Amino acid sequence: MDWLRTLALVNMMAFHFLFDLRMLNLLPVWISLGPWFAIWAKAIAGSFLFLAGFSLWLGHGTGFRTRSFIKRLGVLVLAAVGVSLVTYFAVPGAWVRFGILHSIALASVVGAIFLRAHWAVTLVAAAIAFQLLPNMRDPMFDGVFWVWTGLSTSLPPMIDYEPLVPWVAPFLLGMTFGQVGGARLMAWGPVHSGRWARRMAWPGQHTLSLYLIHQPLLIGLIIATQWAFSRIV
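Residues numbered from 1 in each chain as written. Predicted model: local features only at pLDDT ≥ 70, side-chain atom pairs only at ≥ 80, totals over all residues. Heavy atoms only, no water.

Topic: the packing of helix α4 (residues 100–113) against helix α6 (residues 164–179)
- α6 packs onto α4 with a crossing angle of 60° between their chain directions and a minimal axis gap of 9 Å. Between α4 and α6, the interaxial angle falls into the category oblique. The crossing of α4 and α6 is right-handed. Counted together, Ser-103, Ile-104, Leu-106, Ala-107, Ser-108, Val-110 and Gly-111 of α4 and Leu-164, Trp-167, Val-168, Phe-171, Leu-172 and Met-175 of α6 form the full contact between these two elements.
- A per-class count over the contact of α4 with α6 returns 10 nonpolar, three polar and no charged. (Axes fitted to C-alpha atoms, helices over the stretch in contact; angles between N-to-C directions. Helix = DSSP H or I, 4+ residues; strand = E, 2+ residues; numbered from the N terminus. Parallel < 35°, antiparallel > 145°, perpendicular 65-115°, else oblique. Left-handed = near helix turned anticlockwise from the far one by under 90°. Contact = heavy atoms within 4.5 Å. Nonpolar A, V, L, I, M, F, W, Y, C, P; charged D, E, K, R; others polar.)

Here it is, written out as structure tokens:
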């Protein structure tokens, strides 16, 4: 599980590295990120939500642990609020009103309802969230208080936006994967991991912390490198 989270983190950091270069106008104009860049972003967000759903099942599938769930949910909510506040001052024209952390927190509450459901029920719910509910978008949901639903017909600019619809779908798919026996894959491999295996797992064991600090570090590194290069030249 930690290796899968590490893989998702590596993809996210690579994506944001290119995004930051484009934002800072450091990519040559002839390099077009194109539609595949948007697809890559959606795949990364979907992978995090899928793994979050799978993690919820691994942690509570055999018995709901109330204290653990509330503690994890509280950390997610605080982190999500922090992202909103920081981006509100850093990019006030496109701050994060409901990003990936907000989505995981809300999806966790929804997912708790399906912990005792049959896998087929969870799968159908994921299909409804992905295929049916997006067709229910209506101007009545255009207010700022409904931005979390994903049912709005118009939205303000946001640098990150993963509302409940349709992004609860990959979360529920992750839960479905656990319900059909996906947890057995976690038993694959040696009983005692080697040194390199532990190193590759380390980022996945600190996903939230790395998520919160990676963008300031990337932007700082890019700016520092640009400054150092300008001094040399």
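So much for the structure itself; the text now carries on.
Let's talk about the pattern of salt bridges
- In the structure shown here, the tally under the stated rule is one salt bridge.
- We note a salt bridge from Asp-2 to Arg-5, for which the minimum N-O separation is 3.1 Å. One end of the pair is Asp-2 and the other is Arg-5, both in helix α1 (residues 2–23) and three residues apart, which spans about a single turn.
- Residue classification places Asp-2 among the partly exposed positions, given a relative accessible area of 22%. (Salt bridge = Lys/Arg side-chain N within 4 Å of Asp/Glu carboxyl O. Buried < 20%, exposed > 50% of the residue type's maximum accessible area, 1.4 Å probe, protein only.)

Concerning the nonpolar core
- Grouped together as the largest cluster of nonpolar side chains are 41 residues, with contacts concentrated most on Ile-100, Leu-101, Phe-171, Leu-172 and Met-175.
- Broken down by secondary-structure element, the contributors of at least two residues to this core are α1, α2 (34–60), α3 (66–90), α4, α5 (119–132), α6 and α8 (207–232).
- In terms of residue count, α2 provides more of this core than any other element does, 10 residues in total.
- Ignoring any residue separated from it by four or fewer positions in sequence, one finds Leu-172 in contact with Gly-111, Phe-114, Thr-122, Ala-125 and Ala-126. (Core = buried A, V, L, I, M, F, W, Y, C linked by side-chain atoms within 4.5 Å.)

Considerations on a nonpolar patch on the surface
- Residues Leu-4, Leu-58, Leu-185 and Met-186 make up a contiguous nonpolar surface patch of about 340 Å² in total accessible area.
- Along the polypeptide, Met-186 turns up in the loop between α6 and α7 (195–205).
- Residue class for Met-186 comes out partly exposed when judged on its relative accessible area of 34%. (Patch = residues over 30% accessible without salt bridge, like charges linked within 9 Å, V, L, I, M, F, W, Y side chains within 5 Å. Areas by Shrake-Rupley, 256 points an atom, 1.4 Å probe, with all protein chains shown as cover.)

Quick notes on the side chain of Thr-87
- Looking at the element boundaries, Thr-87 is found in helix α3.
- Since its relative accessible area comes to 12%, Thr-87 is described here as buried.
- Of the polar contacts made by the side chain of Thr-87, one reaches the backbone oxygen of Val-83; its length is 2.7 Å.
- Beyond its immediate stretch of four places on either side in the chain, Thr-87 contacts Pro-92, Trp-95, Val-96 and Ile-159. (Polar contact = N/O pair within 3.5 Å; in protein donor to acceptor, adjacent residues only side chain to side chain.)

Comments concerning the environment of Gly-150
- The residue Gly-150 is located in the loop between α5 and α6 in this model.
- For the pair Gly-150 and Leu-76, spaced 74 residues apart in the sequence, the C-alpha separation amounts to 20 Å.
- When sequence neighbours within four positions are dropped, the list of residues in contact with Gly-150 reads Arg-137, Tyr-161, Pro-163 and Val-165.

Details of the environment of Val-10
- With respect to the helices and strands, the residue Val-10 is situated in helix α1.
- The sequence separation of Val-10 and Ile-44 amounts to 34 residues, and the corresponding C-alpha distance is 9.7 Å.

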